[in-house]
Amino acid sequence: MVELQYEIKNGVFKAHINPDNDLSDISEVCNIVEEHSEVVLIGIDLYKCSYIQSKFLAGLVAVKKLAMVRKINIELLNVCDNIIQVLQSTNLQKLFVIKDDFASYPLDALFERFLDTDKAGTVSEYLAANYDDNIQNKLIELIDGGNPLLVEYAILTMGRAQDYQNLEIYRKALNANEASVKSAAILVLGWIGDTQSKEQLYSYLASKEIGISEAAAASIALLSDDTDSEKLAKYLHDSDIRIRLVAIYALSLINDEKAFEYLSNAMNEEKDEAVRIQLTKKIALFKDERVGRILLGLLDDNSIQLREAAASGLSRRGSGEFTSILVEKIGDNDNWVGFFAAKSLAGIEDENIIKKIESYYDKVEQNVKLAIIEVLGKCKGVDPSFLLSKLDDTNEDIRKEALNSLSLMHGPVALTAAIKLFNKDESWLVRYKAVNIILEQKPVGYDNLLRARLKDETNKYILEHIIGEIGE
Amino acid sequence: MNVKNVNGKNVAYLEGEINAQTGAQVKAEINTLLNKGDSVILSFKSVVYMNSSGLREIIDLFKTASKNKKEVSLCDMNSDIREMFSFTGLDKVFKIYDTEAAAIG
C-alpha cells in the first residue's frame, strides 16, 4: 500500500493518485478536505494511473458529493484515455471537470507532447509561463535535434517566453527547409521586435508555402516604420490573390495615413470580390474621416457580402453624419440596400430616428423587417411596445428576432415574454430562444419551471439544452 | 483609462484608440500598477482602434511584466482587435479571455 500524496496550496487541495492507492485513500481525501475549510478546489491528479478500479470510482463519486455539499469545484487532472473511457461508460464523466495539469509532468514528457498537435499549444504556454534556464537549455537541445515539429514549438515557446538572448537561433531558423519552422521563426522575430530581420521577411511575402506570407506580413507590420506602407503597397497589385490579401492585412495593421491612401485606391481598382470584401472590412478600421463616405457608397455594391461588410463597418463606427441618408435607404427599392442600411444603424439613441426606423416596418420586404427588428435591439431608448407587438407575428423568424432584441435592451420585459412563449409557441426556434432567456436571467424557480417543461417538450435540441443546464 | 479592483484583481479599462502615443501612456500606467500588484487584466471593451504601434507597446508592457514575474492578461476584445492578435500570432503570447468575468476567474 502507498500512502496518499497530497498538498494544499492557496485553497487548492491536490491529491496525486498512485495506482496502488485504494478506496481508503480516496476516502481520506474526503476527511482531509472536511478538515480544511479553506479548500475551494479539489484536484485529483491521475497522471500515474493508466487504469482505475470500480471501487475507486465509487470513492470519486463520494468526493464529488462532498464537493457539492461544500459548493466547491472538483477537477480530475491528467486523465488517460483508458480512464476517460471508463468514466464515459459509467456515465460519470459529466460529473467532473477533466483537464491537464502539466505541473505533474517531468520536463521530457512535456516535450514529447509537442508531437501531439492538440496538446502542443497548451504545453508551450505552460513552459513559457514557467520558463527558466533548465527549460531554455532543453528547448535549445530540441532545436539542435532537428525534428521539425519539436523545433517549431521550441521556437514558439522561446518567443512566448520573450527570450531575447537567442535571437541568432530564430534568425537561423528563417532559412529552415520546413515551412512550419520558418513560420514560427518569422512570428517570433516580429514579437521580439527584431527590426534587423525585416528586409529578409519581405523576401517571404510572396512565398507559396502555407502560412509563410501571412506570418511575414504580420511581422513586417509589427516591425514597421514610416517606410513600410509604401513597400507593402506594391503587393496590392500582385497577381496572386493570397498575396494581395496579406498585404491588405499588414497595411490595415500599420493603419497610418499612407496605408489608408493605398487601400482606398486599391478599392477603386480591385476586381476580385473576396479581395474587395477584405478591403472594405479593413478600410472600416481606419479613423480617417473619408471612411464613412466610402462605406456608404458600398451599400449599393453588386456584391451582397460586400454590402454586409460595409454595413457592419458603418455600424461599428456609428452612422454619424450619414444617419438620415441611411434611414431613408431603409425604404430603397432594392430590398438588400434597405436590409443593410437598417443593420448599419446600430447604436442610435435618438427617439425620433428610432420612430422613423420603426415607421418603415410595414412598407418593406420580410428581410428588411428582420433587419429593423434586429437593429432596434442594438439601439438605446427603444420603446418595447413595438417589439412586443411582433411576438404575435405569423412568421417565426420575426417572433424569434423580436424576442432576441427585447432581451438585448429590455431584460425584465423579455423575461416575461419568454415565460409566456417557452411552452406555448408553435416554433421550436422561438421556444429555444425563450428557454435561453430564462436560463440567462435565472429568475427564482427557473429550474422547476424548465424541469416541468421536460415532459411536454418534443424538440430534442430544447430538451438537450434544458437538461444540459439543470439536469434531468 | 479607468482602473477598478474587481474581486481582488486589477482591471484596467482601455479606451478609444491604442496607437504609439496612447499605447505608451497605457504602458507607463500599467507598469506603475504592476509595481504595487502581481497582475493586471486589460479590458479592450471600449477600444475602437488599434494599430501595430499600439500593439508593440502592449508587447513591450508584457515583456517588462514577464521579466518581473507579473501577469498581464487581456479580455473583452471585439472581433477586429482579436483578429489583429491572431494574425500576428500574439494570441499565442498573451492570455486572452472572451469576457472580463472569465479573466477574473
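Residues numbered from 1 in each chain as written. Chains lettered and ligands numbered in written order. Predicted model: local features only at pLDDT ≥ 70, side-chain atom pairs only at ≥ 80, totals over all residues.

J.: Help me out: how do you make sense of the overall build of chain A in this one?
T.: Of the regular secondary structure elements, chain A holds 27 helices and five strands. Taken over the C-alpha trace, chain A has a radius of gyration of 29 Å; the compact-globule value for 472 residues is 23 Å, which it surpasses by more than 25%. C-alpha extents for chain A along the principal axes are approximately 80 × 65 × 35 Å. Scored against the burial criterion, the 472 residues of chain A give a buried share of 41%. (Helix = DSSP H or I, 4+ residues; strand = E, 2+ residues; numbered from the N terminus. Rg over C-alpha atoms; globule rule 2.2 N^0.38 Å. Buried ≥ 20, exposed ≤ 12 C-beta atoms within 10 Å, placed from the backbone.)

J.: What is the right way to look at the overall build of chain B in this model?
T.: On a plain count of helices and strands, chain B comes out with four helices and five strands. N-terminal to C-terminal, the α/β element order of chain B is β-β-α-β-α-β-α-β-α. Expected size for 105 residues packed as a compact globule is a radius of gyration near 13 Å; at 12 Å, chain B falls within 12% of this value. Across the 105 residues in chain B, those meeting the buried criterion constitute 41%.

J.: When you look at the nonpolar core in this model, what are you seeing that I'm missing?
T.: A general feature of soluble globular proteins is that nonpolar side chains tend to end up buried together. All names here are of chain A. One finds I155, V188 and A250 to be the most contacted residues of the largest nonpolar core, which totals 142 residues. Setting aside anything within four residues of it in sequence, one finds I155 in contact with I143, Y170, A173, V181, A184, A185 and V188. With 21 residues, the next largest nonpolar core counts I42, C49, A67 and L76 among its residues. (Core = buried A, V, L, I, M, F, W, Y, C linked by C-beta atoms within 7 Å. Contact = placed C-beta atoms within 7 Å.)

J.: How should the domain arrangement of chain A be read in this particular structure?
T.: Segmentation of chain A into domains returns domain 1 (5-104), domain 2 (106-223) and domain 3 (392-472). In this structure, domain 2 of chain A and domain 3 of chain A have C-alpha centres spaced 48 Å apart. (Domains from an automatic or database assignment.)

J.: Hey, could you run me through helix α17 (residues 304-317) of chain A in this one?
T.: Every α-helical turn comprises 3.6 residues, leaving residues that sit three or four positions apart pointing alike. Residue and element names in this part refer to chain A. For α17, with 14 residues, the first-to-last C-alpha span of 20 Å sits near the 20 Å given by 1.5 Å per residue. Counting buried positions along α17 gives ten out of 14 residues, so the element sits mostly inside the fold. For α17, every residue scored as buried is listed here: L306, R307, E308, A309, A310, A311, S312, G313, L314 and S315. Where α17 is buried, its residues contact α15 (273-283), α16 (291-298) and α19 (335-343). Just downstream of α17, G318 is the residue with a positive phi angle, here 90°. (Expected span 1.5 Å × (residues − 1).)

J.: How should the sheet that holds strand β4 (residues 73-77) of chain A be read in this particular structure?
T.: Remark on secondary structure: sheet strands pair via backbone hydrogen bonds, oriented parallel or antiparallel. Residue and element names in this part refer to chain A. Taken together, the five strands give an open sheet; going across it, the order is β1-β2-β3-β4-β5, and neighbouring strands pair in mixed fashion. In this open sheet, the two edge strands, each paired with only one partner strand, are β1 (5-9) and β5 (97-99). Averaged over all neighbouring strand pairs, the angle between strand axes comes to 20°, with direction disregarded. Relative to β5, β4 is paired through three bridges, and the arrangement is parallel. Within β5, the residue paired with L77 across the bridge is K99. Sitting on the sheet, helix α2 (residues 54-70) is in contact with β3 (41-45) and β4, with an inclination near 150° to β4. (Pairing = 2+ DSSP bridges. Axes fitted to C-alpha atoms, helices over the stretch in contact; angles between N-to-C directions.)

J.: Explain the environment of A:D133 here, please?
T.: Mapped onto the secondary structure, A:D133 falls in helix α6 (residues 133-145). Taking C-alpha positions, A:D133 is 29 Å from A:G43, a pair spaced 90 residues apart along the chain.

J.: In this structure, what is going on with the sheet that holds strand β2 (residues 9-18) of chain B? I would like to understand it.
T.: Residues and elements named next belong to chain B. One open sheet accounts for five strands, arranged β1-β2-β3-β4-β5; its pairing is mixed. In this open sheet, the two edge strands, each paired with only one partner strand, are β1 (2-6) and β5 (95-97). This sheet shows a mean twist of 30° between the axes of neighbouring strands, independent of strand direction. Pairing of β1 with β2, which is carried by five bridges, proceeds in the antiparallel orientation.

J.: Teacher, can you tell me more about the interface of chain A and chain B here?
T.: The accessible area lost on association of the parts is a frequent measure of interface size. Tallying the contact residues gives 18 residues for chain A and 17 residues for chain B. Secondary structure elements with two or more residues in the side of chain A that touches chain B: α7 (148-160), α9 (179-191), α11 (212-222) and α13 (241-254) of chain A. Within the side of chain A that touches chain B, the residues separate by chemical class into ten nonpolar, six polar and two charged. (Nonpolar A, V, L, I, M, F, W, Y, C, P; charged D, E, K, R; others polar.)

J.: Can you walk me through unusual backbone geometry in this structure?
T.: Comment: phi is negative for the bulk of residues other than glycine, and the bulk of peptide bonds are trans. Positive phi, normally seen in glycine, also occurs at A:Q162, with a value near 55°. Among the structural elements, A:Q162 can be located in the loop between α7 and α8 (167-173). You will see that B:D76, though not glycine, has its phi angle at about 55°, which is positive. Of note, B:D76 is situated in the loop between β4 (71-75) and α3 (79-87).

J.: What exactly am I supposed to notice about the packing of α15(A) against α17(A) here?
T.: A pair of packed helices is captured by two measures, namely the crossing angle of their axes and the spacing between those axes. All names here are of chain A. Running from amino to carboxyl end, α15 crosses α17 at an angle of 5°, the nearest separation of the two axes being 9 Å. When the axis of α15 is compared with that of α17, the two are roughly parallel. Across the interface between the two elements, E273, R276, I277, T280 and K281 of α15 pack against Q305, L306, A309, A310 and G313 of α17. Considering only residue class, the contact of α15 with α17 consists of four nonpolar, three polar and three charged. (Parallel < 35°, antiparallel > 145°, perpendicular 65-115°, else oblique.)

J.: So what exactly am I meant to see when it comes to the packing of α9(A) against α11(A) here?
T.: Residue and element names in this part refer to chain A. Orientation of α9 relative to α11, taken along the N-to-C sense of each, is 10°, at an axis distance of 8 Å. In terms of orientation, α9 lies roughly parallel with respect to α11. Two secondary-structure elements touch here, α9 through A179, K182, S183, I186, L187, L189 and G190 and α11 through I212, A215, A216, A218, S219 and L222. When the residues that make up the contact of α9 with α11 are grouped by side-chain class, the tally is nine nonpolar, three polar and one charged.

J.: Where do I start with the confidence of the model for chain B in this structure?
T.: In regions of low pLDDT, the predicted coordinates are not meant to be interpreted in detail. On average, chain B scores 92 in pLDDT, and the residues at 70 or more come to 100%. Reported confidences for the modelled complex are a pTM of 0.80 and an ipTM of 0.94. (pLDDT = per-residue confidence, 0-100.)

J.: So what exactly am I meant to see when it comes to α7(A) here?
T.: Residue and element names in this part refer to chain A. Over its 13 residues, α7 extends 18 Å from the first C-alpha to the last, a length consistent with the 18 Å expected when each residue adds 1.5 Å. In terms of burial, α7 is largely enclosed, as eleven of its 13 residues are buried. Buried within α7 we find L150, V151, E152, Y153, A154, I155, L156, T157, M158, G159 and R160. Among the structural elements, α4 (107-112), α5 (117-129), α6, α8 and α9 are those in contact with the buried residues of α7. Q162 sits one or two residues past α7 and shows a positive phi near 55°.

J.: Quick question: what am I supposed to make of the pairing of β4(B) here?
T.: As a general feature of sheets, a regular strand has side chains that alternate between the two faces. Residues and elements named next belong to chain B. Bridge count for strand β3 (residues 39-50) against β4 is five bridges, and the pairing is parallel. Each residue of the ladder has a partner; that of I41, found in β4, is S73. Since β3 and β4 lie parallel, the crossover through helix α2 (residues 52-67) that links them has a hand, and here it is right-handed. (Right-handed = clockwise from strand over helix to strand, strands pointing away.)

J.: Can you help me understand the confidence of the model for chain A in this one?
T.: Mean pLDDT for chain A: 91, with 99% of residues reaching 70 or above. Mean pLDDT per element in chain A: helix α1 (residues 23-35) of chain A is the minimum at 86, and α11(A) is the maximum at 97.

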